[in-house]
Each structure stands twice: as C-alpha cells, then as structure tokens.
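Architecture at a glance
The chain contents come next:
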Amino acid sequence: MTQEIVDAVRVLEQEKGISADTLMDALEDALLSAYRKSPGSAKYARVDLDHETGDFRVFELILPAELEEKLLEEAAAEQEKTINPETGEYNEPEDPEIDPELLKPYEDQIETRDVTPDDFGRIAAQTAKQVIYQRIREAERQMMYEEYRDRVGELITGLIQQSDKRYTLVQLRERVEALLPKSEQVYSERYDHGMRVKAVITDVSESTKGPSIVVSRRSPELIKGLFELEVPEIADKLVEIVGVAREPGYRSKIAVVSHADGVDPVGACVGPRGSRVRMVVSELRGEKIDIIPYNEEPARFVAKALSPARVREVLVDDEEMQATVVVPDDQLSLAIGRDGQNARLAARLTGWRVDIKSESDFAREDHDHEYEGEEEFDGRCLAILSSGRRCPNAGVGGSTYCGLPQHQALSRFSTNHVGVTASLSTEDIAVLADPDSDEAAVNSIVLAAEADFVEPVEGEEAPAEAVAEEEVAAEEVAAEEEAGEEIAAAEEVEAEAELEEAEAEVAEEEAEVEAEEEAEAAPEAIDEAEEAEEQAEAAEGEAE
C-alpha cells in the first residue's frame, strides 16, 4: 500500500472528524473481506495493517482439528432458531462460523502462514471500497448521535425541507435532519419549504439509518428557550422561569422570579415598550403570553395567575390543594376565560385546583350556611353582619376577624353576630378590640352587652339602617385592599397606552411616506394625461 492511502485517511480524518485509527481499522476489515472473496483464499485469515506506513500482510490461520471442532460447537450453540413464516417450521441452521475474536485467546496454539496476494482484483477492490464507505457512514452516525443525545430540551433552529400530512422534516445542518411529527405541531401554523423555524429537541434515539431526532413546537420548553434568547437576565440566571402553562396556538402563562435585588422579573421579560415579549409572541405566530410574578404564598400566587382578572379574595385548602377564588361579578367571565381557558391555565401553572365564584354567589352560599359555633377558620372574617351574611374580608394579623374594630371586638364574645355590639359606644368597642385592655373593664362591658343582646331568629330581617352601615364599613376595608391592585392595573393600562402610542407613531410615519410617494407620482400622471389629450386632438384633426 502506498503512502497516498495514508495521506487520504488523514484527509478524511480532518474532513469527517473521524479518528485515523477508526479509518485504519475499517480499512483492515475491508482488506480481509476482499481477501476472502479472492479465489483460493484460506478458510481462516487475519490482516495486520501498519497504521503509520500503510503496509499490510495477510496471514492464514491454521487451527488444530480439536480446537476448530470445539469452537464450531460453541458457535452452533449460540445460534438462535428461526421460524419460517410460511410453513411455521424451524429453519435449518446455517453452517456456523467462528468469530475472529474467539481465536485471540488461542493464538499460541494457532500456526500462521503469509498468504498476502499480489493483486486483489477488481471484485475484491470493490468489496474493500464498500466496507470502507459503510464504516465511514457508521462512524458519522455515531458521532451525530453522541452530539445530539445530550441536547434533549435544547432550542434549535432549522429549515423546513419537507412537509405533508404525516410529518415535517427540519434540516438542522448539513446531512442532519430532525422529525417534526403531526402531534408536535401547532394546528394554526403553516410550515412552508425553506421557512426558518425554532423548535425544541424532545427525543434522540439510535437507528440503522442514523440518529432519530424528534423536535416539538408544542413543548413548554420552547417558551423557556425563546425567553432565554431574548432576555439577558434569564440567560445570566438573574431571573428564572419557575413554571409554564401552555395551550399551543392560543395562550400561555409563565411564572417568573428574581434572584437579584433590584431586578423586576416581569419588567425584564416584557422589555422596553414590550419589545422582548413581542419578539417571543412573533416567533409563536401571535400566541398570547401572560407573565406572572411567582409568590411562595399560594393565595397570592393563584390570584396573580388569574390575571388579567381582578380577584377579591382567595380561600385555600392546603390538604386538598384547592383554592376558592372570589371575584367581582363583572370579572367572573374574564377570570374564567373563553371555554375556561384562563382558569385552566392558572390551575396548571400553580398546581392547585381553582374554583372561581362571583361575590353574589359566594355571599348567597354563605347565607345558606350557619356560621355560629366552633366552625373552622378558613381565612375569612368570622363576623356575621346584621343582614345574616358573613363578612367578605380576610382575617388580619393572625386574628379570625378583619380589621374593623367592631369585628375585632367579637373575639370577646361567645357569638359572632355583630348585633351584640350595637348597644356599645365607640370607646367601649375600642377597649374590646385592644388585646392589651384591662380584663376587669373588658368583662364588665361584655356582660352589659350580652345582657342587652337578643340572638336574631333565622329569616328575620334586620333594620335597613344597621345593615347599610355595616356593609359600608366592610366595603371600606375591602376598598383599601383593592387600592394596591387598582394601582397595578393602572400601571399596566399606562404601559399598554404607551405601546399603542408608539404603534400609532409608526403608522403615521408610514402614512406620510405613502403620501410623499403619491405626491411625487402626481405630476407624472398629469403629464401623461395631457399627452394623451394632445394625441386625441391630433387624431380628431386628422379624422376631419
């Protein structure tokens, strides 16, 4: 063998990235296959190839009869029986062959003889060529598999090569294609030939034709990868996406948290004038995205997850992982969303079962239940108003009552009905609401109030004035809680207004450019009209 073969192997090593030793081993096997196809070849042989010089020798292996018989029996025992599908009978086993690897332990018992042929011939050379090509393809497939098997979940970019009803082929790079099956496509998207598309690798497996790479456009990991590309804070681990709930093609919700002081996770993902989230939405073909700040407190997290709807209060059941959400009557449809989409996404994002109720329905349910006695505290104020309804406010400061002094004072009584404090002055109520008040003074006030109090009969209507005063007081406390939410909503509206203003400016500039182009084209149109008129007059004169 000439030095040209060695040089060619080194060139292949650089072009294909396959080690020279692997190519030399393939060449060694190719030479052995070529020798076996030569006329008069030995039954057992091996090829010794020098990787540096390219020189090779073929040696015939002369096995002792006892050793050959022993190895043939072992090979026959390892053969598996196969069934003929046409007859249903076992096929006759073929003559067993001895694997060259089995001969290595018996090298001291085997004699060798140099049988290197002077010329392999055309058929032998063709055989050697096919073996080398096959080994190169196998090495390339193995390299591709090693490259992509650890990239599951990674965002990749490719070009659409073929698309039909069954699947779509995406070219990742030269001679590497990925499969985008129908189940991983978004129904509203079109995949035209040559289109550049981003997807997430979901599976990599070995096959006889090369590594099988499956990508997805429906995976929630796609949104994470897109935000990591557009938001430097996520790439630098300053902001983390802790959860994604997605209905591909319609809407997605992501929960983000900041790991650095002074970094707003929602603002970082939205970007200046919404530029960052707009790029992600554009790549997802218009799919809407809600960015939610993550909160370790389940009630607050569930309330934010139902954005853009405003939430009045959330009652959580830690054991059942269920949250009952109370929203204003005019926000009920917005909280549920079209076909329940908003509530469904919020439940997936938080991991809690979400039950959404309007204020009027929730108050009606409260009125149908008896709240007297040793009921379990569920986070809401236990005070019963004169109307018979339960106070809609949440308990504060580790108390079972809201911040109203009249309701805090109820902790001194054996009843939760606010009517027990009707005969007390403002000073007396303040004494009862203060946990550090003198016990003697508290007891005297409690005894006097309970002596004048008559438990209302169920179904009996309370005075309208008392009911109105209590509802106004409860609404004042609730209004304070809503103030913060309204401020946040106002900021969101302001941001949307700025975005609309920017879009209007762009549209205005485009209109001005079109107007200028029309103005420039107008004189040319006038000249053409005058020229046409002159030609018409000339034609008329000729006709006369």
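Scroll up to find the structure this text is about.
The sections below set out a description of the structure shown in this document. Bear in mind the structure is a predicted one, so any value in this text is a computation, not a measurement. (Residues numbered from 1 in each chain as written. Predicted model: local features only at pLDDT ≥ 70, side-chain atom pairs only at ≥ 80, totals over all residues. Heavy atoms only, no water.)

**Describing the overall build of the chain**
Across its full length, the chain holds 17 helices and 14 strands. Burial statistics for the chain: of 544 residues in total, 35% are counted as buried. In the chain, of all internal contacts separated by at least 6 residues, the share reaching a separation of at least 24 is 57%. (Helix = DSSP H or I, 4+ residues; strand = E, 2+ residues; numbered from the N terminus. Buried < 20%, exposed > 50% of the residue type's maximum accessible area, 1.4 Å probe, protein only. Contact = heavy atoms within 4.5 Å.)

**A word on unusual backbone geometry**
Following Ser307, the chain continues to Pro308 via a peptide bond in cis, the omega torsion being 15 degrees. Inspection of the secondary structure puts Pro308 in the loop between helix H10 (298–305) and strand S12 (313–317). A positive phi angle, near 55 degrees, is found at Arg273, a position not held by glycine. Within the secondary structure layout, Arg273 lies in the loop between helix H8 (265–270) and helix H9 (275–283). The backbone of Met321 sits at a positive phi, close to 55 degrees, despite the residue not being glycine. You can see Met321 is positioned in the loop between S12 and strand S13 (322–327). Since its relative accessible area comes to 35%, Met321 is described here as partly exposed.

**Here's the deal with the sheet that holds strand S11 (residues 288–293)**
Pairing is mixed across the open sheet formed by three strands, whose spatial order is S9-S10-S11. Bordering the open sheet on either side are strand S9 (239–247) and S11, each of which pairs with just one other strand. Direction aside, neighbouring strands of the sheet carry axes that sit 20 degrees apart on average. Pairing of strand S10 (residues 251–258) with S11 involves six bridges; the strand directions are parallel. Counterpart to Ile254 in the pairing with S11 is Ile291. Running over the sheet, helix H6 (residues 220–230) touches S9, S10 and S11 and is turned about 140 degrees from S9. (Pairing = 2+ DSSP bridges. Axes fitted to C-alpha atoms, helices over the stretch in contact; angles between N-to-C directions.)

**Here we look at the environment of Ala305**
In this structure, Ala305 sits in helix H10. Judged by relative accessible area, which is 0%, Ala305 ranks as buried. Excluding residues that lie within four positions of it along the chain, Ala305 makes contacts with Lys253, Ile292, Ala346, Leu349 and Thr350.

**Notes on the side chain of Glu287**
Mapping Glu287 onto the fold places it in the loop between H9 and S11. At 2.9 Å, the side chain of Glu287 and the backbone nitrogen of Gly249 are in polar contact. Side chain to side chain, Glu287 and Ser252 meet in a polar contact 2.4 Å long. Setting aside chain neighbours within four positions, we find Glu287 in contact with Ile223, Arg246, Glu247, Pro248, Gly249, Tyr250, Arg251, Ser252 and Val281. (Polar contact = N/O pair within 3.5 Å; in protein donor to acceptor, adjacent residues only side chain to side chain.)

**Some words on the pattern of salt bridges**
With the rule as written, the count across this model stands at 19 salt bridges. With its nearest N and O atoms 2.8 Å apart, the salt bridge here joins Glu189 to Arg217. Pair noted here: Glu189 is in the loop between strand S6 (176–181) and strand S7 (196–205) and Arg217 is in the loop between strand S8 (212–216) and H6, with a separation of 28 residues, a long-range link. We note that Glu189, like Arg217, is buried. Three or more residues are tied together by salt bridges with common partners; here these are Glu147, Arg151, Glu154 and Arg173. (Salt bridge = Lys/Arg side-chain N within 4 Å of Asp/Glu carboxyl O.)

**Brief notes about the sheet that holds strand S2 (residues 56–62)**
With antiparallel pairing, three strands are arranged side by side in an open sheet as S1-S2-S3. Two strands lie at the open edges of the sheet, namely strand S1 (45–49) and strand S3 (111–114), each paired on one side alone. The average angle at which neighbouring strand axes cross in this sheet is 35 degrees, direction not considered. Here S1 runs beside S2; their pairing, made up of five bridges, is antiparallel. Of the residues in S2, the one forming a bridge with Ala45 is Glu60.

Purely geometric numbers; function is a separate question.
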